[in-house]
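Observations on the three-dimensional arrangement
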Amino acid sequence: MENTHKPVVALIYDFDGTLSPRNMQEYSFIRALNMSPKDFWSKAQALSEKNDASSISCYMKLMLDEAKSKNISLQRKSFRSFGHEVELFPGVKEWFSLINKLGDEKELTIKHYINSSGLKEMIEGTDIAHEFERIYACSFIYNVDEVAEWPAVAVDFTTKTQFLFKINKGIDSVRDDKKINEYVPKDQRPIPFERMIYFGDGDTDIPCMRMVKQEGGYSVAVYNPEDEQKRLNAEKLIKEERVNFVCEADYRKEKDIFNVVKTVLEKMKSDFDFAELLNKHKKIAENTK
């Protein structure tokens, strides 16, 4: 049977700890504040506890407050400049072309997405920003001078699961809270959960990884090989059946994570072809008099 269209597969990535070894703010932004990462995150946590507020919105407010006090630019272009300094795990820059080529070979359309509690403007400044269909992440509201004034989107673990449904239903807008709740039959959704692969490393990723796995997709817990505790945390997730795979965060072609994704893509294509074959025979039977 010859397919009339290629199935779409979504690869969805957390950023900090998944594609990059550390939190993106730690590479140059926090350094520019003349603070240590430990001091910055401790201050953000204290702000959250004092106000019984979201830790995500509090770290964003602290970024604004500290930058203003140190006379550091809060323009969008400045955040993107900070993002340019963010380091990536081995093989990340080449990963997307490798996977896209693999998708072409398997007759799959590959789309990459970011689903992160990090800062969208910084991710936009990285060398890989152009690889993503959509970047779902925290962002600021900017005034007419392009200066950040207030958190616009704060992405916690609950928001992350909402973005999965946006990908599933083909909704690009972050603010749209109507279409996300409209009923759409599963077979009419652009990217079914069965054709999603989620990559994450931290607590905010656990609900997404578990949900994708439960809905028939695949979740990959990644860890920094230089961090023993991260490895143990990732292995705990597979023991608890929250993820399908655990891989070292090394995205080079000869490494385990590439082989895992290659195998998953092959299975997705086989599952799609099999479903198409079943549907074809069902239609033949229905049209037989």
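1. Examining the overall build of the protein chain
In terms of helices and strands, the protein chain carries 10 helices and 7 strands. Expressed as a percentage of its 289 residues, the buried residues of the protein chain come to 46%. Sequence separation of 24 or more characterises 63% of the internal contacts of the protein chain that already satisfy a separation of 6 or more. With 44 positive and 49 negative side-chain charges, the protein chain shows a separation of 3 Å between the mean positions of the two kinds.

2. Considering the side chain of Glu121
In this fold, Glu121 is placed in helix α6 (residues 120-123). For the buried residue Glu121, which engages in no salt bridge, the nearest side chain bearing the opposite charge is Arg76, 4.4 Å off. Of note is the side chain of Glu121, whose polar atom sits 2.8 Å from the side chain of Tyr142. When neighbours within four sequence positions are excluded, Glu121 is seen to be in contact with Arg76, Phe79, Arg80, Cys138, Ser139, Phe140 and Tyr142.

3. Some remarks on a nonpolar patch on the surface
A contiguous nonpolar surface patch, about 300 Å² in accessible area, is contributed by Phe274, Leu277 and Leu278. Structurally, Phe274 can be placed in helix α10 (residues 256-287).

4. Digging into the packing of aromatic side chains
Here the structure, examined in full by the defined rule, presents 14 aromatic pairs. Between Tyr13 and Phe132, the ring centres sit 6.2 Å apart and the planes meet at 70°, which makes this aromatic pair edge-to-face. Here Tyr13 is found in strand β1 (residues 8-13), whereas its partner Phe132 is found in the loop between α6 and β3 (134-142), with 119 residues between them in sequence. We note that Tyr13, like Phe132, is buried. When the centroid spacing of 5.3 Å and the interplanar angle of 90° are considered together, the rings of Phe29 and Phe82 count as edge-to-face. With Phe29 in helix α1 (residues 29-32) and Phe82 in helix α4 (residues 76-83), this residue pair connects regions lying 53 residues apart in the sequence. Comparing Phe29 with Phe82, the two get one shared label, buried. Each residue in the set Tyr13, Trp95, Phe96, Phe132, Phe199, Tyr251 and Phe258 is aromatic and connected to the rest through ring pairs, giving one cluster. One residue, Arg22, lies across the ring of Tyr27, its end atom 4.3 Å from the ring centre. Of note, Arg76 hangs over the ring of Tyr142, and the distance from its end group to the ring centre comes to 4.1 Å.

Rules behind the numbers
Residues numbered from 1 in each chain as written. Predicted model: local features only at pLDDT ≥ 70, side-chain atom pairs only at ≥ 80, totals over all residues. Heavy atoms only, no water. Helix = DSSP H or I, 4+ residues; strand = E, 2+ residues; numbered from the N terminus. Buried < 20%, exposed > 50% of the residue type's maximum accessible area, 1.4 Å probe, protein only. Contact = heavy atoms within 4.5 Å. Lys, Arg positive; Asp, Glu negative; His and termini not counted. Charge placed at Lys NZ, Arg CZ, Asp CG, Glu CD. Salt bridge = Lys/Arg side-chain N within 4 Å of Asp/Glu carboxyl O. Polar contact = N/O pair within 3.5 Å; in protein donor to acceptor, adjacent residues only side chain to side chain. Patch = residues over 30% accessible without salt bridge, like charges linked within 9 Å, V, L, I, M, F, W, Y side chains within 5 Å. Areas by Shrake-Rupley, 256 points an atom, 1.4 Å probe, with all protein chains shown as cover. Phe/Tyr/Trp six-rings, centres within 6.5 Å; stacked < 30°, edge-to-face > 60°. Lys NZ or Arg CZ within 6 Å of the ring centre and 35° of its normal.

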